[in-house]
Amino acid sequence: MADPTRVAAPIGDDDSKLMTLETGKYAGLAGGAVMAGLGNTRILVTATGAKHVREGIDFFPLTVDIEERMYAAGKIPGSFFRREGRAPESAILTCRLIDRPLRPSFPDGFRNEVHIVGTVMGADQQNPYDVLAINAASAALMISDVPFDGPIGAVRMAYTQDGDWLPHPTYEESDDSTFEIVVAGRELDNGDVAVMMVEAGGTERSFEYYEDGAPKVDEAALATALEECKRWIKDAIALQRELVQAVGSKPTMDFDVQVDYTPAIYDEVTSLGGQRIGEIMHIADKAERSAAEDALRTELLERIVPGVVEAAVEAGQPEEAAIALANKQVKSAFRSLSKATVRTRIVKEGARIDGRGLKDLRPLSAEVGVIPTAHGTGLFQRGETQVLNFCTLGMA
């Protein structure tokens, strides 16, 4: 049996509550594998990267899976079916929590497939595993051969009925709070923490607590939470670094940097269409703006692609492949230039793409009783986005 390496550190204000990270005992063939613990909750997170890029891929294929099984809580699936089905909603949401802070931390142009799998091995019904999984995924990547600019730390904070922020709350403490916030970030060279992901929302019984006089969460309280969370994020990062120092990290894999377009194509798109893109982005009506974008994109393809294809064919590339590649690169360069133009306008002019200021909201409207035959319906609209909800009541 392999000799595992284990590090632990207290989290929160209670020194008896430990977060543990262990490696070297499970999943030895994975790029990196970490068993993380909080209380009696345990989750095994593995991180593995492909050695080569899948041909034709034009995005970073990061996949995060969470496996929840009843055995983790010492239970047997009930009813007629004894096999467990697809991932529950809680697992899907945890996948998103992990993906969002990790995805920007891979190198630009890295397109190798990366698969992160978290398997809940033990659930003590007191300590959630989702934030633990973020820290474990970062630790697994840190000791793997996957290029990763980490570590990333994460913490959940609960706003108590006394108006205090509580780090790493249990399920019971969360239920007794009015608000929760999950924050992930990385530590900068100057010791500060760059926040990379924020997920926040009120708890199920918050309105009852507010009626009983609990303080409400305002901007000042949220600002305090974002500042306090940095301490606990640093603690999680320090624990990961302690693990890496104890076991070391594998040599980073070599990878071919993938580009969506060449600098020459981007410069040509900017030269021929930069000014007109700026004018198009001032069109407030979405349909009119999209039509103008399509027309300019088509014009640029007609003007740029033939020259690019001619040069590629002269260099020995098959004409059909050269045409497809040139079209793809010009479209990608056009999309990047459009995004850059919108961002520049927001920063310099304080105006968004439809002319709204930084503090202006789209027109909002809500209507109920839209469909007479349903028990309940509600139509909500923000700008040009609509949501029609139906509610059906069990009558038995």
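Details of the structure are given in the entry above.
A short tour of the structure in this document, coming up. Residue positions are given per chain, counted from 1 along the sequence in the order it is written. Totals for whole chains, interfaces and linings use every residue, but because this is a predicted model, local features are given only for residues with pLDDT of at least 70 and side-chain atom pairs only at 80 or more, for both listing and counting. Side-chain numbers here rest on the full set of heavy atoms in the structure, without hydrogens or water.

A few points about the pattern of salt bridges
Any Lys or Arg side-chain nitrogen found within 4 Å of a carboxyl oxygen on Asp or Glu counts as a salt bridge. Overall, the coordinates contain 16 salt bridges when judged by the stated rule. A salt bridge links Arg156 to Asp130; the nearest nitrogen and oxygen atoms lie 2.6 Å apart. Of this pair, Arg156 sits in strand 7 (residues 153-159) while Asp130 sits in helix 2 (residues 130-142), and the two are 26 residues apart along the sequence. Accessibility assignment for this pair places Arg156 and Asp130 in one class, buried. Here a strand is any run of E in DSSP of at least two residues, a helix any run of H or I of at least four, and the numbering for each starts at the N terminus. Throughout, exposure labels follow a simple rule: accessible area from a 1.4 Å probe, protein chains only, divided by the maximum for the residue type, with under 20% read as buried, over 50% as exposed, and the rest as partly exposed.

Some thoughts on the sheet that holds strand 9 (residues 179-187)
Strand order in the open sheet formed by four strands is 8-7-9-10, with antiparallel pairing between adjacent strands. The open sheet has two free edges, formed respectively by strand 8 (165-167) and strand 10 (193-202), since each of these has just one partner strand. The sheet shows a mean angle of 25 degrees between the axes of neighbouring strands, taken without regard to direction. When DSSP finds two or more bridges between a pair of strands, those strands are recorded as paired. As judged from the seven bridges shared by strand 7 and strand 9, these two strands associate in the antiparallel manner. When the bridges of strand 9 are listed, Tyr159 appears paired with Phe179. For this analysis, residues touch if any pair of their heavy atoms sits within 4.5 Å. Axis definition: a line fitted to C-alpha atoms, limited for helices to the stretch in contact. Angles are taken between N-to-C directions and run from 0 to 180 degrees. Docked against the sheet, helix 1 (residues 89-102) engages strand 9 and strand 10, running at close to 155 degrees with respect to strand 10. Across the sheet, helix 2 lies against strand 7, strand 9 and strand 10, angled at about 160 degrees from strand 7, the strand it touches most.

Regarding helix 1
Compared with an ideal rise of 1.5 Å per residue, which puts 14 residues at 20 Å, helix 1 spans 20 Å between its outermost C-alpha atoms and is within 8% of the ideal. On the buried face of helix 1, the contacting elements are strand 5 (62-67), strand 6 (114-122), helix 2, strand 9 and strand 10. For a helix, the expected span equals 1.5 Å multiplied by the residue count minus one.

Comments concerning the packing of helix 7 (residues 286-314) against helix 8 (residues 319-349)
One way to put it is that helix 7 packs onto helix 8 with a least axis distance of 8 Å and a crossing angle of 135 degrees. In terms of orientation, helix 7 and helix 8 fall into the oblique class. In the packing of helix 7 onto helix 8, the handedness of the crossing is right-handed. Residues Glu293, Leu296, Arg297, Leu300, Leu301, Ile304, Val305, Val308, Val309, Ala312 and Val313 of helix 7 form the contact with helix 8, whose own contacting residues are Glu319, Ala322, Ile323, Ala326, Asn327, Val330, Lys331, Phe334 and Ser338. Three residue categories are used. Nonpolar comprises Ala, Val, Leu, Ile, Met, Phe, Trp, Tyr, Cys and Pro, charged comprises Asp, Glu, Lys and Arg, and polar comprises the others, including Gly. Residues that form the contact of helix 7 with helix 8 fall into these classes: 14 nonpolar, two polar and four charged. The scheme is simple: roughly parallel for angles under 35 degrees, roughly antiparallel for over 145, roughly perpendicular for 65 to 115, oblique for anything else. Handedness of a crossing is defined here by the sense of rotation of the near helix relative to the far one, left-handed for an anticlockwise turn of less than a right angle and right-handed for a clockwise turn.

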